[in-house]
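Chain by chain, the residues run as shown.
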Amino acid sequence: MTVARVTEIKASSPKSFDAAIRKGLDRASKTLEKVKSAWIQDQEVIVDDKGEIAEYRVLMKVTFILKD
């Protein structure tokens, strides 16, 4: 029987939401074994003083399989 766990990760990038997602998954894979999926729960942007997007952030739930 397989048992999975879900953990929340917040990641950011100055480039795009896609880059933030990839950065978060890359970091999660370094710590967690058998990462199987990610669900993007929320997205937000940080705006600088000029009204430009300074940072893209995602909150994701990452699912990974627990060791036996």
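Note that the structure is a prediction, hence the values are computed from the model and not measured.

1. Some remarks on the environment of alanine 38
Logical step 1: Structurally, alanine 38 is set in strand β2 (residues 35-47).
Logical step 2: With a relative accessible area of 35%, alanine 38 lands in the partly exposed category.
Logical step 3: Note: C-alpha distance between alanine 38 and lysine 61 (23 residues apart in sequence) is 5.4 Å.
Logical step 4: If we skip the residues at most four places from it in the chain, alanine 38 touches Leu25, Met60, Lys61 and Val62.

2. Some thoughts on the nonpolar core
Logical step 1: Listed in full, the 9 residues of the largest apolar core are Ile9, Ala11, Ala20, Ala28, Leu32, Val58, Met60, Val62 and Phe64.
Logical step 2: Where this core is concerned, the elements lending two or more residues are β1 (4-13), α1 (17-31) and β3 (53-65).
Logical step 3: Sort the elements by how many residues they give to this core and β3 lands first, with 4 residues.
Logical step 4: In this view, phenylalanine 64 contacts Val3, Ala4, Arg5, Thr7, Leu32, Glu33, Lys34, Val35 and Lys36; residues no more than four positions away in its chain are not counted.

3. With respect to the pattern of salt bridges
Logical step 1: Throughout the structure, instances matching the rule amount to 6 salt bridges.
Logical step 2: Linking lysine 67 and glutamate 33 is a salt bridge whose minimum nitrogen-to-oxygen distance equals 3.5 Å. Of this pair, lysine 67 sits in the segment after β3 while glutamate 33 sits in the loop between α1 and β2, and the two are 34 residues apart along the sequence.
Logical step 3: For lysine 67, a relative accessible area of 63% gives the class exposed.

Reading guide: rules and limits
Residues numbered from 1 in each chain as written. Predicted model: local features only at pLDDT ≥ 70, side-chain atom pairs only at ≥ 80, totals over all residues. Heavy atoms only, no water. Helix = DSSP H or I, 4+ residues; strand = E, 2+ residues; numbered from the N terminus. Buried < 20%, exposed > 50% of the residue type's maximum accessible area, 1.4 Å probe, protein only. Contact = heavy atoms within 4.5 Å. Core = buried A, V, L, I, M, F, W, Y, C linked by side-chain atoms within 4.5 Å. Salt bridge = Lys/Arg side-chain N within 4 Å of Asp/Glu carboxyl O.

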